[in-house]
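Each chain, letter by letter, is given below.
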Amino acid sequence: MVAALVVGGVLLAVMIAASAYAAVILPGDARIPLHFGSHQHVFLVSKRTGLVVWPAAGALLYGVLGGISASSLASDWVPGLRDVLMPAAMCVVLAFQVGALVLGAGEAPRPVP
(Lines give C-alpha, C1' and ligand atoms only; values in the text may rest on other atoms or scores of the structure.)
Protein backbone atom coordinates (compact mmCIF):
# COMPACT_ATOMS: atom_id res chain seq x y z
CA MET A 1 0.00 0.00 0.00
CA VAL A 2 2.78 2.41 0.89
CA ALA A 3 4.65 1.57 -2.30
CA ALA A 4 1.54 2.36 -4.35
CA LEU A 5 1.27 5.76 -2.67
CA VAL A 6 4.95 6.48 -3.27
CA VAL A 7 4.78 5.46 -6.94
CA GLY A 8 1.57 7.46 -7.39
CA GLY A 9 3.21 10.48 -5.78
CA VAL A 10 6.21 10.20 -8.08
CA LEU A 11 3.91 9.98 -11.11
CA LEU A 12 2.02 13.05 -9.88
CA ALA A 13 5.33 14.90 -9.54
CA VAL A 14 6.21 13.88 -13.11
CA MET A 15 2.85 15.28 -14.29
CA ILE A 16 3.58 18.58 -12.56
CA ALA A 17 7.10 18.65 -14.03
CA ALA A 18 5.73 17.95 -17.52
CA SER A 19 3.35 20.89 -17.19
CA ALA A 20 6.12 23.13 -15.92
CA TYR A 21 8.34 22.13 -18.84
CA ALA A 22 5.51 22.69 -21.32
CA ALA A 23 4.84 26.12 -19.80
CA VAL A 24 8.32 27.14 -20.88
CA ILE A 25 8.43 25.33 -24.22
CA LEU A 26 4.94 25.82 -25.70
CA PRO A 27 4.09 29.08 -27.47
CA GLY A 28 1.71 31.46 -25.70
CA ASP A 29 -1.14 30.82 -28.12
CA ALA A 30 -0.94 27.01 -27.83
CA ARG A 31 -4.21 25.14 -27.38
CA ILE A 32 -4.12 22.03 -25.18
CA PRO A 33 -6.67 19.28 -25.90
CA LEU A 34 -8.76 17.79 -23.09
CA HIS A 35 -10.08 14.35 -23.93
CA PHE A 36 -13.48 13.22 -22.70
CA GLY A 37 -13.74 9.71 -24.03
CA SER A 38 -13.20 9.40 -27.76
CA HIS A 39 -11.64 11.63 -30.39
CA GLN A 40 -15.08 13.15 -30.95
CA HIS A 41 -15.10 14.61 -27.45
CA VAL A 42 -11.99 16.78 -27.47
CA PHE A 43 -12.07 20.35 -26.20
CA LEU A 44 -9.22 22.71 -26.95
CA VAL A 45 -8.45 24.99 -24.00
CA SER A 46 -5.91 27.74 -23.47
CA LYS A 47 -2.33 26.93 -22.58
CA ARG A 48 -2.68 27.95 -18.94
CA THR A 49 -5.91 26.02 -18.41
CA GLY A 50 -4.56 22.90 -20.08
CA LEU A 51 -1.36 22.96 -18.08
CA VAL A 52 -3.32 23.18 -14.82
CA VAL A 53 -6.17 20.76 -15.60
CA TRP A 54 -4.02 17.70 -16.35
CA PRO A 55 -2.03 17.71 -13.06
CA ALA A 56 -5.23 18.61 -11.17
CA ALA A 57 -6.92 15.54 -12.67
CA GLY A 58 -3.91 13.47 -11.59
CA ALA A 59 -4.10 14.88 -8.06
CA LEU A 60 -7.82 14.15 -7.88
CA LEU A 61 -7.26 10.60 -9.11
CA TYR A 62 -4.41 10.14 -6.63
CA GLY A 63 -6.58 11.29 -3.74
CA VAL A 64 -9.68 9.32 -4.69
CA LEU A 65 -7.93 6.04 -5.48
CA GLY A 66 -5.56 6.39 -2.54
CA GLY A 67 -8.48 7.02 -0.22
CA ILE A 68 -10.51 4.12 -1.56
CA SER A 69 -7.53 1.75 -1.38
CA ALA A 70 -6.87 2.70 2.23
CA SER A 71 -10.52 2.56 3.32
CA SER A 72 -12.66 -0.33 4.44
CA LEU A 73 -14.19 -0.45 0.96
CA ALA A 74 -11.04 -2.18 -0.27
CA SER A 75 -10.60 -4.51 2.69
CA ASP A 76 -11.88 -7.50 0.71
CA TRP A 77 -9.88 -6.70 -2.42
CA VAL A 78 -6.91 -8.78 -3.46
CA PRO A 79 -3.84 -7.01 -2.05
CA GLY A 80 -2.23 -6.88 -5.48
CA LEU A 81 -5.15 -4.87 -6.84
CA ARG A 82 -4.75 -2.27 -4.12
CA ASP A 83 -1.06 -2.01 -4.94
CA VAL A 84 -1.44 -1.76 -8.71
CA LEU A 85 -4.69 0.17 -9.28
CA MET A 86 -3.53 3.70 -8.51
CA PRO A 87 -0.12 3.57 -10.24
CA ALA A 88 -1.72 2.03 -13.34
CA ALA A 89 -4.42 4.69 -13.50
CA MET A 90 -1.85 7.44 -12.92
CA CYS A 91 0.27 6.07 -15.80
CA VAL A 92 -2.75 6.26 -18.10
CA VAL A 93 -3.47 9.87 -17.13
CA LEU A 94 0.21 10.78 -17.53
CA ALA A 95 0.24 9.23 -21.01
CA PHE A 96 -2.85 11.22 -21.98
CA GLN A 97 -1.24 14.39 -20.63
CA VAL A 98 1.95 13.86 -22.62
CA GLY A 99 -0.11 13.18 -25.74
CA ALA A 100 -2.10 16.36 -25.18
CA LEU A 101 1.08 18.41 -24.71
CA VAL A 102 2.57 17.00 -27.92
CA LEU A 103 -0.62 17.89 -29.79
CA GLY A 104 -0.60 21.32 -28.15
CA ALA A 105 2.89 21.91 -29.51
CA GLY A 106 1.53 21.31 -32.99
CA GLU A 107 4.07 18.64 -33.80
CA ALA A 108 2.94 15.94 -36.17
CA PRO A 109 3.86 12.42 -35.12
CA ARG A 110 6.96 11.12 -36.83
CA PRO A 111 6.50 8.07 -39.02
CA VAL A 112 8.28 4.94 -37.91
CA PRO A 113 10.97 4.02 -40.47
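Scroll up a little and you will see the structure.
Residues numbered from 1 in each chain as written. Predicted model: local features only at pLDDT ≥ 70, side-chain atom pairs only at ≥ 80, totals over all residues. Heavy atoms only, no water.

**Concerning the overall build of the protein**
The following threshold applies: Comment: elements are numbered from the N terminus, with helices defined as DSSP H or I runs of at least four residues and strands as E runs of at least two. Relative accessibility under 20% of the residue-type maximum defines a buried residue, over 50% an exposed one, and the middle range a partly exposed one, all with a 1.4 Å probe and only protein chains included. It only takes one pair of heavy atoms within 4.5 Å for two residues to be counted as in contact. Computed by Shrake-Rupley with a 1.4 Å probe, the accessible areas treat only the displayed protein chains as cover when residues are assessed.
Per the secondary structure count, the protein includes three helices and two strands. The helix and strand sequence of the protein, counted from the amino end, reads α-β-β-α-α. Relative to its full complement of 113 residues, the protein shows a buried share of 29%. Within the protein, residue pairs in contact and separated by at least 24 positions form 63% of the contacts whose partners lie at least 6 positions apart. Summed over all atoms, the accessible surface of the protein reaches about 7,000 Å², with 73% contributed by carbon and sulfur.

**Some thoughts on helix 2 (residues 47-70)**
The condition that has to hold: One less than the residue count of a helix, multiplied by 1.5 Å, gives the span that helix is expected to have.
Spanning 24 residues, helix 2 covers 35 Å between terminal C-alpha atoms, matching the ideal 34 Å at 1.5 Å per step. Among all positions in helix 2, only Lys47, Gly50, Leu51, Trp54, Pro55, Gly58, Leu65, Gly66 and Ser69 are buried. Buried residues along helix 2 sit in contact with helix 1 (2-25), strand 1 (31-35), strand 2 (42-46) and helix 3 (79-105).

**Concerning the side chain of Ser19**
Put simply, the test is: Here a polar contact is recorded for every N or O atom pair within 3.5 Å, except that within protein the pair must consist of a potential hydrogen donor and a potential acceptor, and residues adjacent in sequence are included only if both atoms are side-chain atoms.
Within the secondary structure layout, Ser19 lies in helix 1. Here the side chain of Ser19 touches Gln97 through a polar contact of 2.9 Å, side chain to side chain. Among all residues touching Ser19, those that are not within four sequence positions of it are Leu51, Pro55 and Gln97.

**Notes on a nonpolar patch on the surface**
Heads up, the condition is: Only residues whose relative accessible area exceeds 30% and that form no salt bridge are eligible for patches; like-charged ones are grouped when within 9 Å, while nonpolar side chains (Val, Leu, Ile, Met, Phe, Trp, Tyr) are grouped when within 5 Å. We define a salt bridge as a side-chain nitrogen of Lys or Arg found within 4 Å of a carboxyl oxygen belonging to Asp or Glu.
Together, Val2, Val6, Val10 and Val14 give the surface a local cluster of nonpolar side chains, amounting to about 340 Å² of exposed area. Within the secondary structure, Val14 is located in helix 1. Overall, the relative accessible area of 38% leaves Val14 in the partly exposed class.

**Remarks on the side chain of Gln97**
Here Gln97 is to be found in helix 3. A distance of 3.1 Å separates a polar side-chain atom of Gln97 from the backbone oxygen of Met15. Ignoring any residue separated from it by four or fewer positions in sequence, one finds Gln97 in contact with Met15, Ala18, Ser19, Trp54 and Pro55.

**A closer look at the packing of helix 1 against helix 3**
Keep this limit in mind: In this analysis, axes come from line fits to C-alpha atoms, helices being fitted only over the stretch in contact, and the angle between any two N-to-C directions falls in the range 0 to 180 degrees. When describing relative orientation, an angle under 35 degrees is termed roughly parallel and one over 145 degrees roughly antiparallel, while 65 to 115 degrees is termed roughly perpendicular and anything else oblique. Classification convention: Asp, Glu, Lys, Arg as charged; Ala, Val, Leu, Ile, Met, Phe, Trp, Tyr, Cys, Pro as nonpolar; all other residues, Gly among them, as polar.
Interhelical geometry of helix 1 versus helix 3 gives an angle of 10° and a closest axis separation of 8 Å. Relative to helix 3, helix 1 is oriented roughly parallel. For the pair formed by helix 1 and helix 3, the contact residues are Ala4, Leu5, Val7, Gly8, Leu11, Leu12, Val14, Met15, Ala18, Ser19 and Ala22 on the first element and Arg82, Asp83, Met86, Pro87, Met90, Cys91, Val93, Leu94, Gln97 and Leu101 on the second. For the contact of helix 1 with helix 3, the class distribution of residues is 16 nonpolar, three polar and two charged.

From the geometry alone we can't say anything about function, so treat these as descriptive.
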